[in-house]
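What the coordinates show
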Amino acid sequence: MDIKTKINESVKDAMKSGDEVRKRTLRMVLAAIKQVEVDKRATLDDLAVTALIQKEIKNRREAIEEAKKANRPDLIAENEAEIKVLEVFLPKAMPTEELRALVQAAIAETGAAAPGDMGKVMKIVMPKVAGRAPNDMISSTVKEMLTK
């Protein structure tokens, strides 16, 4: 079963159980998916849906930071609850050691030696990670390993 179907099923379950946070969050994600599909005139695959979910989680983490600055514990709690709902649909996270090993192999493969070679390494690492780690974590790991 693909991720979109799982989200649709979860919306139905949330409606039956009366879970407003889950229902609202998943409907927002479905709307975002539909918007991207309409814009691109194509159906999104699981990898693209995963990337979109990661983007939604990143947006909520940024909202939490802003809510902390504004001293709004209600918004912090709301965004944290939405993140928990969305994380269910992401693939199992890649361990840091595994990511570092992939990056190291890509550096060796490309012969990268400086931060300027980051693009070459990212091009090899990104398809292998396939949504199992956030993009910012991947880029920071590549940058860190190239500056050593």
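Above this note sits the structure.
1. Description of helix H3 (residues 46-69)
- With 24 residues, H3 extends 35 Å from end C-alpha to end C-alpha; this agrees with the ideal 34 Å at 1.5 Å per step.
- When H3 is considered as a whole, its buried residues turn out to be Val 49, Thr 50, Leu 52, Ile 53, Gln 54, Glu 56, Ile 57, Arg 60, Ile 64 and Ala 67.
- Of the residues flanking the end of H3, it is Asn 71, one or two places downstream, whose phi is positive at about 55 degrees.

2. Notes on the pattern of salt bridges
- For the coordinates displayed, the defined rule picks out 14 salt bridges.
- With a closest N to O distance of 2.5 Å, Glu 37 and Lys 4 form a salt bridge. On the criterion of sequence distance, the pair formed by Glu 37 in helix H2 (residues 20-40) and Lys 4 in helix H1 (residues 3-17) is long-range, its members being 33 residues apart. There is no split in this pair, since Glu 37 and Lys 4 are both buried.
- In this structure, Glu 56 and Arg 60 form a salt bridge, with 2.8 Å as the shortest nitrogen-oxygen distance. Placement of both Glu 56 and Arg 60 in helix H3 is noted, with a separation of four residues, approximately one turn of the helix. Here Glu 56 matches Arg 60 in class, with each residue buried.
- Each member of the salt-bridge network shares a partner with another, and the members are Arg 24, Glu 56, Arg 60 and Glu 82.

3. A short note on the environment of Lys 92
- As for its placement among the helices and strands, Lys 92 is situated in the loop between helix H4 (73-87) and helix H5 (96-110).
- Judged by its relative accessible area of 72%, Lys 92 is exposed.

Cut-off values and rules
- Residues numbered from 1 in each chain as written.
- Predicted model: local features only at pLDDT ≥ 70, side-chain atom pairs only at ≥ 80, totals over all residues.
- Heavy atoms only, no water.
- Helix = DSSP H or I, 4+ residues; strand = E, 2+ residues; numbered from the N terminus.
- Expected span 1.5 Å × (residues − 1).
- Buried < 20%, exposed > 50% of the residue type's maximum accessible area, 1.4 Å probe, protein only.
- Salt bridge = Lys/Arg side-chain N within 4 Å of Asp/Glu carboxyl O.

Nothing here speaks to function; it is geometry throughout.
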